[in-house]
Amino acid sequence: MVSTFVGYRLINKVPPTLHTPLMSGMNALSGVTVLGALSATAAGFFGSSVAGQVVISILGALAIALAMVNVAGGFAVTDRMLAMIAKRRAAGQDAIYAAIFAVAAAMVAVIVCAGGELAYLIVSAVLVLGVLCGIAMMSRIDYSRIGNRLSAVCMLVAIVVTMVYNGSVYTVWPVYAGLLAGIVAGIVLSVKVSMLQMPQMVALFNGLGGAASALVGAFAMFGIGAGTGIFEKVTSSIALSVGVVTLLGSLVAAGKLHKVLPGKPVTVKNHFLWQTLSLIILGLGIVVYAAAGGAPFCCIAIVIAGAAFGLLFSLKVGGADMPITISLLNSMSGVAGAIAGLAIGDLLLVAVGGIVGASGLLLTQIMCKAMNRSLAAILSGKTTTATEAAPAEKPVEVVQDNETAEPEAVPEAEVETEEAKNPTDCLKGAKEVIIVPGYGMAIAQAQHIVKQLADRLKAQGTTVKYAVHPVAGRMPGHMNVLLCEADVDYEDLYEMDDINPEFKTADATFVIGANDVTNPAASTAVGTPIYGMPVLAVNDCSNIFVFNFDLKPGYAGVENPIYTRKDGVNLYLGNAAQTLAEFLAGLEL
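Keep in mind it's a predicted model, so treat the numbers as computed, not measured.

1. Considering unusual backbone geometry
Next up, step 1: Despite not being glycine, N270 shows a phi value in the positive range, around 60°.
Next up, step 2: With respect to the helices and strands, the residue N270 is situated in the loop between α10 (230-257) and α11 (271-292).
Next up, step 3: The backbone phi angle of D487 is positive, close to 75°, even though this residue is not glycine.
Next up, step 4: Counting through the fold element by element, D487 comes out in the loop between α19 (478-485) and β4 (493-495).
Next up, step 5: By relative accessible area, D487 is classed as partly exposed at 46%.

Set out below in structure tokens:
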């Protein structure tokens, strides 16, 4: 409880620029389930029949591998992202690293030399403090990379300490196979993934964390690595339930983000009935197992019902709400790990899992507030399509999600409103220009050209600022990472509340692939999904340059009045990378 509360407070101080690295870092920490998998595998391996050893070896190695994919891949990709953002060398960096490795070595020495439960508890407490210090460092961009590496060192020491404390682990060869497979797979994924694909990778890692926790929970249900009391029965069955729901929900979320599943909400006949029934079966499975036992039957029932519930709830969520869904699943992966830790009595697993759960919960709250939506409405799929209150604004799937598709009537590459000013006249000598990135910029991979535009403007003395909406993209902080990948300085990135007052005085605003987050109808279109949603005040600017694929509404299905404004608006339609490159070629400053 203490670590969860402190972790929540520390995570609340992490700037939005680092929310994507924070989530991938939490993915890595959710891999702490590997500690429970190591202990359970060793406990179950000895004393079992040959057939039992085979089953435990396979499932144990699988749980270890899944968790280690999160650990290795999560920390590696987080370090990769932070290298793009935190470019300056932190003050006292060498001394900090020296202290980290000295303390790590001391902790290993304590558990090797002293051994015993007291030494294990002391080392565990120090490692939890180390993780909390790592998160605290994430609140300062210059120290964020050190913070991530501190957490990684703590995780490594935790694995070593667990293997030393449970001495029998050394002789169980499947443990090493799982560790090696997970590390290799995690590193390969972290190297190959593009920044555009980070949302689906985080979703996938959420699922892997849930799967590992589910396996540890299943082990505990069969008395492997855990007691057989009522507390162990309840926590192990809940861990299995939450883990399976997280796995299926995350796989569907990753599929939607990767476009192998429809991005729009999907419902089946009697959807709510089946969802409610699966939830009831989950509850009954937990109660029956706690009261009467019957691990095999209850385990199967929980897995089937949990898989059905995870599938049904995530299918009903639309693509526009993925930032919130991913944050929630991130929290669930931590909760599953913490509950699994309770089932097997692992202090480290409980504490670190609670920190991950707190992080995901906080980001979920931030996203809901930024979209002015309730979590219940999002999970029920009620927020993605427009209601009958705005019949003229029929829901249309966002075009940027299918950039290769050609609309029936393709507009000219450049369309200008009647009173639009010549771009050169408008921008030459401009004092301040604001750039608003959106998911269309990510799809078109236009961030590098956007940086070229900013450099051209800065060369004439113009102040350039980037206005980043909290839910722009497909996960918290996604736009920040993409811009930093293009070598944009994080000090040029501004949050919505800070930048909104400046749109009135800015000489020009560039909108690159953004729609709903700039739509002024959010304050007037009662009954639509975006009504009441805080948006960037782009419409307050006197000169607006829009580089979107076309003029169709975004996911919310609400027409954007900026597109039909009669003065001060230039529309450049088509692939943002191409239209922006053509714009730059003709710009004379």
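2. Here we look at the packing of helix α2 (residues 19-30) against helix α4 (residues 50-85)
For any two helices packed against each other, the geometry comes down to the angle between their axes and how far apart the axes lie.
Next up, step 1: Viewed as axis vectors pointing N to C, α2 and α4 meet at an angle of 160°, and their least axial separation amounts to 7 Å. Relative to α4, the element α2 is oriented roughly antiparallel. As α2 packs across α4, the resulting crossing turns out to be left-handed. Residues T20, P21, S24, G25, N27, A28, L29 and S30 of α2 lie in contact with α4, whose contacting residues are N70, V71, G74, F75, V77, T78, M81, L82 and I85.
Next up, step 2: By residue class, the composition of the contact of α2 with α4 is nine nonpolar, eight polar and no charged.

3. As for helix α14 (residues 347-371)
Next up, step 1: Here α14 contains 25 residues, and its C-alpha end-to-end distance of 37 Å stays within 8% of the 36 Å for a straight helix at 1.5 Å per residue.
Next up, step 2: When you tally the buried positions in α14, you get 19 out of 25 residues, the bulk of the element.
Next up, step 3: In this structure D346 caps α14, since a side-chain oxygen of it lies 3.1 Å from the backbone nitrogen of L348.
Next up, step 4: Among the residues trailing α14, N372 stands out with phi positive, at a value near 55°.

4. Concerning the confidence of the model for the protein
Next up, step 1: Mean pLDDT over the protein works out to 85, with 91% of the residues at or above the 70 mark.
Next up, step 2: In the predicted structure, residues 385-419 sits below a pLDDT of 50 and forms 71 contacts with residues beyond four places in sequence or in another chain.

5. Points about the packing of aromatic side chains
Next up, step 1: Inspection of the entire model under this criterion finds nine aromatic pairs.
Next up, step 2: When the ring of Y120 is compared with that of Y165, the centres are 4.3 Å apart and the planes differ by 10°; the resulting orientation is stacked. Here Y120 is found in helix α6 (residues 116-137), whereas its partner Y165 is found in helix α7 (residues 141-165), with 45 residues between them in sequence.
Next up, step 3: For Y165, a relative accessible area of 32% gives the class partly exposed.
Next up, step 4: Taken together, the aromatic side chains of F510, F545, F547, Y572 and F583 make up a single cluster linked through ring pairs.
Next up, step 5: Positioned above the aromatic ring of Y289 is the side chain of K233, whose terminal nitrogen or guanidinium carbon lies 5.8 Å from the ring centre.

6. Some thoughts on the environment of L118
Next up, step 1: Along the chain, the position of L118 falls in helix α6.
Next up, step 2: Judged by its relative accessible area of 61%, L118 is exposed.

7. Things to note about the pattern of salt bridges
Next up, step 1: Applying the stated rule across the entire model yields ten salt bridges.
Next up, step 2: Measuring nitrogen to oxygen at the nearest pair gives 3.7 Å for the salt bridge that ties D487 to K87. Here D487 is found in the loop between α19 and β4, whereas its partner K87 is found in the loop between α4 and α5 (93-113), with 400 residues between them in sequence.
Next up, step 3: Between D455 and K451 there is a salt bridge, with the nearest N and O atoms lying 3.0 Å from each other. Remark: K451 and D455 occur in helix α18 (residues 447-459); sequence separation between them is four residues, near one turn of the helix.

8. Structural notes on the state of the cysteines
Next up, step 1: Scanning the entire structure with this criterion turns up zero disulfides.
Next up, step 2: No disulfide involves C299; its nearest neighbouring cysteine sulfur is the one of C298, lying 8.8 Å away.

9. Describing the pairing of strand β2 (residues 432-437)
The side chains of a regular strand alternate between the sheet's two faces.
Next up, step 1: Most of β2 is tucked away: six of the six residues are buried.
Next up, step 2: Side chains E432, I434 and V436 project from β2 onto one buried face, and the interleaved V433, I435 and P437 project onto a second face that is buried too.
Next up, step 3: As paired strands, β2 and strand β3 (residues 463-468) are joined by four bridges and run parallel to one another. Of the residues in β3, the one forming a bridge with V433 is V464.
Next up, step 4: Sheet analysis places β2 next to strand β5 (residues 508-512), joined by five bridges and oriented parallel. Paired with V433 across the strands is A508, a residue of β5.

Thresholds applied
- Residues numbered from 1 in each chain as written.
- Predicted model: local features only at pLDDT ≥ 70, side-chain atom pairs only at ≥ 80, totals over all residues.
- Heavy atoms only, no water.
- Helix = DSSP H or I, 4+ residues; strand = E, 2+ residues; numbered from the N terminus.
- Buried < 20%, exposed > 50% of the residue type's maximum accessible area, 1.4 Å probe, protein only.
- Axes fitted to C-alpha atoms, helices over the stretch in contact; angles between N-to-C directions.
- Parallel < 35°, antiparallel > 145°, perpendicular 65-115°, else oblique.
- Left-handed = near helix turned anticlockwise from the far one by under 90°.
- Contact = heavy atoms within 4.5 Å.
- Nonpolar A, V, L, I, M, F, W, Y, C, P; charged D, E, K, R; others polar.
- Expected span 1.5 Å × (residues − 1).
- Polar contact = N/O pair within 3.5 Å; in protein donor to acceptor, adjacent residues only side chain to side chain.
- pLDDT = per-residue confidence, 0-100.
- Phe/Tyr/Trp six-rings, centres within 6.5 Å; stacked < 30°, edge-to-face > 60°.
- Lys NZ or Arg CZ within 6 Å of the ring centre and 35° of its normal.
- Salt bridge = Lys/Arg side-chain N within 4 Å of Asp/Glu carboxyl O.
- Disulfide = S-S within 2.5 Å.
- Pairing = 2+ DSSP bridges.

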